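Observations on chain architecture
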Amino acid sequence: MTTPVLVPAFADPVLNAQMSFRAALKAMSEPGVVEQADYADALDKMHPATFSLALTLFDDGTRVWLSPALDTPMARANLAFHCACPVVDDPQQADLAIITATEIDYLAQFPCGTDRDPEMSCTVIVQLDSLEGGREVVLQGPGIESQRTVTLPLSDSFWSARDQVTDFPKGLDFFMTSQRQLMALPRSTVVSFL
């Protein structure tokens, strides 16, 4: 049996973790704005931005769920080594999850929090081929002066699924990643179509 290969994490663990965290925070506070997240290289099937977010957000108190498309021995070994995070098999137990755009059926299985404890919801990282090229979507809400238009390559099924699991203050927060970029879509953001 082959032992999974461990890959380097951040070149400068303290500085890169801080920069990655700032990029994630800025993206979440300004929905629809693209941030650079190129502080780590790719991890197996995970893009650099996805792995950078994992290195920044995952720790030993974070239950992580990996979608079938991204759940590999190499990914598990590196997340265990670099983040010490437990990887759970049940999406309903996830604090953070990583999926691809084609795996939206899992959204209904993640915890969405409650009106009393909305912070008990899952944050979902959706890895995409690109952060543009899809249907035009208008975003409104906190962090957006009036409105912002994005063209994420997501199906109508994704937007419908997001709508079903979002009843503010409950709902899922999303990071969208592609290669070395990320964008956020918090549960407080209202989505409409042109």
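A brief look at the structure comes next.

**Side note on helix α2 (residues 48-57)**
Think of an α-helix as 3.6 residues a turn; residues three or four steps apart then line up on the same face. Burial analysis of α2 places nine of its ten residues in the buried class, the great majority of the element. Residues Pro48, Ala49, Thr50, Phe51, Ser52, Leu53, Ala54, Leu55 and Thr56 constitute the buried set of α2.

**Here's the deal with the sheet that holds strand β9 (residues 190-193)**
Read across the sheet, three strands follow the order β6-β5-β9 without closing on themselves; strand pairing throughout is antiparallel. Looking along the sheet, the strands with just one partner apiece sit at the ends: β6 (148-150) and β9. Strand after strand, the sheet turns through a mean of 35° between neighbouring axes, direction not considered. Bridge count between strand β5 (residues 137-140) and β6: three bridges; the pairing is antiparallel. Across the sheet, valine 138 pairs through a bridge with threonine 149, a residue of β6.

**Some words on the packing of aromatic side chains**
Evaluation of the coordinates by the stated rule reveals five aromatic pairs. With a centroid separation of 5.6 Å and an interplanar angle of 65°, the aromatic rings of tryptophan 65 and phenylalanine 110 are classed as edge-to-face. Residue tryptophan 65 is found in strand β2 (residues 64-66), and its partner phenylalanine 110 is found in the loop between β3 (96-100) and β4 (123-127); the two are separated by 45 residues along the sequence. Assigned by exposure class, tryptophan 65 and phenylalanine 110 land together as buried. When the centroid spacing of 6.3 Å and the interplanar angle of 80° are considered together, the rings of tryptophan 159 and phenylalanine 193 count as edge-to-face. Separated by 34 residues along the polypeptide, tryptophan 159 in helix α4 (residues 156-164) and phenylalanine 193 in strand β9 bring together distant segments of the chain. Classification of tryptophan 159 as buried rests on a relative accessible area of 6%. Given a relative accessible area of 38%, phenylalanine 193 falls into the partly exposed group. Each member of the aromatic cluster is reached from another via a ring pair, and the members are Phe158, Trp159, Phe174 and Phe193.

**Focus: the state of the cysteines**
For the structure on display, the rule yields zero disulfides. Note on cysteine 85: no disulfide assigned, nearest cysteine sulfur contributed by cysteine 83 at a separation of 4.9 Å. Taking the relative accessible area as the measure of exposure, cysteine 85 reaches 6% and is therefore buried. Cysteine cysteine 112 shares no disulfide, and the gap to the nearest cysteine sulfur, in cysteine 122, comes to 8.6 Å.

**So, the nonpolar core**
Counting 29 residues, the largest nonpolar core has Leu107, Phe110, Val124, Leu152, Leu172, Phe174 and Met176 as its most contacted members. Of all the elements in the fold, those that place two or more residues in this core are β3, β4, β5, α4, β7 (173-178) and β8 (181-185). Element by element, the count of residues in this core is highest for α4, at three residues. Sequence-distant contacts of leucine 107, that is, excluding residues within four places in its chain, are made with Ile99, Val124, Phe158, Ala161, Arg162, Val165, Leu172 and Phe174. Leu43, Ala49, Ala75 and Cys83 belong to the second-largest nonpolar core, a separate cluster that totals 28 residues.

**Quick look at the pattern of salt bridges**
All told, the structure shown has eight salt bridges when counted by the stated rule. Here lysine 26 and glutamate 30 are joined by a salt bridge, their closest N and O atoms 3.1 Å apart. Of the charged contacts, one joins arginine 63 and aspartate 95 as a salt bridge, the two residues approaching to 3.1 Å between their closest N and O atoms. Of the two residues, arginine 63 sits in the loop between α2 and β2 while aspartate 95 sits in the loop between α3 (73-83) and β3, which places them 32 residues apart along the sequence. Judged by relative accessible area, which is 38%, arginine 63 ranks as partly exposed.

**Structural notes on the pairing of β3**
Across the five residues that make up β3, a large majority, five, are buried. The alternating pattern of β3 places Leu96, Ile98 and Thr100 on one face and Ala97 and Ile99 on the opposite face, and all of these are buried. Looking at chain direction, β2 and β3 are connected through three bridges and run parallel. The residue of β3 that forms the bridge with valine 64 is leucine 96. Crossover β2 to β3 through α3 is left-handed. With five bridges connecting them, β3 and β4 associate as parallel partners. Bridged to leucine 96 within β4 is threonine 123.

What counts as what
Residues numbered from 1 in each chain as written. Predicted model: local features only at pLDDT ≥ 70, side-chain atom pairs only at ≥ 80, totals over all residues. Heavy atoms only, no water. Buried < 20%, exposed > 50% of the residue type's maximum accessible area, 1.4 Å probe, protein only. Helix = DSSP H or I, 4+ residues; strand = E, 2+ residues; numbered from the N terminus. Pairing = 2+ DSSP bridges. Axes fitted to C-alpha atoms, helices over the stretch in contact; angles between N-to-C directions. Phe/Tyr/Trp six-rings, centres within 6.5 Å; stacked < 30°, edge-to-face > 60°. Disulfide = S-S within 2.5 Å. Core = buried A, V, L, I, M, F, W, Y, C linked by side-chain atoms within 4.5 Å. Contact = heavy atoms within 4.5 Å. Salt bridge = Lys/Arg side-chain N within 4 Å of Asp/Glu carboxyl O. Right-handed = clockwise from strand over helix to strand, strands pointing away.

Take it as geometry only, folks, not as evidence of what the structure does.
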